[in-house]
Amino acid sequence: AINTYLGDKFRPGTLVPPPGTPLRGLYEQYVHHIISDLDAQGLWVHRKYDKDKGLAKIGMFPALPEAVEDARKHACRVTQILGASLCDNGGKYLLGDEFGFSAADVLFVHCLDWAQAIGWLDDSLDGADVKKMGGIDEKCDVGPTLRSYLERCRSRPAYKSAKKCSEMEKGLQRSRL
């Protein structure tokens, strides 16, 4: 929601499509799919219930390895579906070349970075067997499409700047311990 608000407020029509347009509907569909399926039902399940890296490690939640494994599989499937969408629209950005980079891409790359940090990303890129999923274009090789998408998004100056700030913040947190 904050990305959409900021896009509408400070960069109307550039980071977020204009309200009331078909492209805005597609944008909202991607954002809500990423938030509800990849983030909430995948990554946050790991964050809470993983016995080694999650909040279960410190006793805030019970360790639920079966739930974490199901969440990993679900996150990989959602990533494959979003990767297939990239294939369908030319592979550059979620909303295609016509609109370009959007706040939906910010959210998706954030989730992919998180998945990589917890060791889930390789499964969704290199082990993607689209033919078994059904309903997705079998001609699309999701792995290379996602790899080039991530490289393109991560090479953006704003991403590099945000990553640098994040790393500086982590360094400050470690120095306080």
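Quick caveat: nothing in here was measured; it's all calculated off a predicted structure. (Residues numbered from 1 in each chain as written. Predicted model: local features only at pLDDT ≥ 70, side-chain atom pairs only at ≥ 80, totals over all residues. Heavy atoms only, no water.)

When helices and strands are tallied, the chain shows eight helices and zero strands. In the chain, the succession of helices and strands from N to C terminus is α-α-α-α-α-α-α-α. Considering the chain as a whole, with its 177 residues, one finds that 41% of them fall into the buried category. Partitioning the contacts of the chain with sequence separation of at least 6, the portion at a separation of at least 24 is 64%. (Helix = DSSP H or I, 4+ residues; strand = E, 2+ residues; numbered from the N terminus. Buried < 20%, exposed > 50% of the residue type's maximum accessible area, 1.4 Å probe, protein only. Contact = heavy atoms within 4.5 Å.)

Counted at 1.5 Å a residue, the expected span for helix α7 (residues 142-154) with its 13 residues is 18 Å, and the 18 Å between its end C-alpha atoms agrees. Within α7, burial applies to Val142, Gly143, Thr145, Leu146, Tyr149, Leu150 and Cys153. The buried residues of α7 occupy an angular sector of 165° when projected down its axis, which confines them to one face. (Expected span 1.5 Å × (residues − 1). Arc of directions from axis to C-beta.)

The next thing to look at is the packing of helix α1 (residues 2-10) against helix α2 (residues 22-49). Interhelical geometry of α1 versus α2 gives an angle of 155° and a closest axis separation of 12 Å. The orientation of α1 relative to α2 falls into the category roughly antiparallel. The hand of the α1/α2 crossing is right-handed. Only Arg24, Tyr27 and Glu28 of α2 make contact with α1, whose side of the interface consists of Asn3, Thr4 and Asp8. Residues belonging to the contact of α1 with α2 are distributed by class as follows: one nonpolar, two polar and three charged. (Axes fitted to C-alpha atoms, helices over the stretch in contact; angles between N-to-C directions. Parallel < 35°, antiparallel > 145°, perpendicular 65-115°, else oblique. Left-handed = near helix turned anticlockwise from the far one by under 90°. Nonpolar A, V, L, I, M, F, W, Y, C, P; charged D, E, K, R; others polar.)

With that out of the way, let us pick up the packing of α2 against helix α5 (residues 103-117). Running from N to C, α2 and α5 point in directions that differ by 20°, and their axes come no closer than 10 Å. Regarding the angle of α2 to α5, the classification is roughly parallel. The two elements α2 and α5 cross, and the hand of that crossing is left-handed. Contacts between α2 and α5 involve Tyr27, Tyr30, Val31, Ile34, Ile35, Leu38, Asp39, Leu43, Trp44 and Arg47 from the first element and Ala103, Ala104, Leu107, Phe108, Cys111, Trp114 and Ala115 from the second. When its residues are assigned to classes, the contact of α2 with α5 shows 15 nonpolar, no polar and two charged.

Model confidence for the chain is summarised by a mean pLDDT of 85, while 85% of its residues fall at 70 or above. Taken element by element, the chain is modelled with least confidence in helix α6 (residues 121-126), mean pLDDT 57, and with most confidence in α2, mean pLDDT 95. A low-confidence stretch, residues 127-138 stays under pLDDT 50, and its non-local contacts, those more than four residues away or across chains, total 17 contacts. (pLDDT = per-residue confidence, 0-100.)

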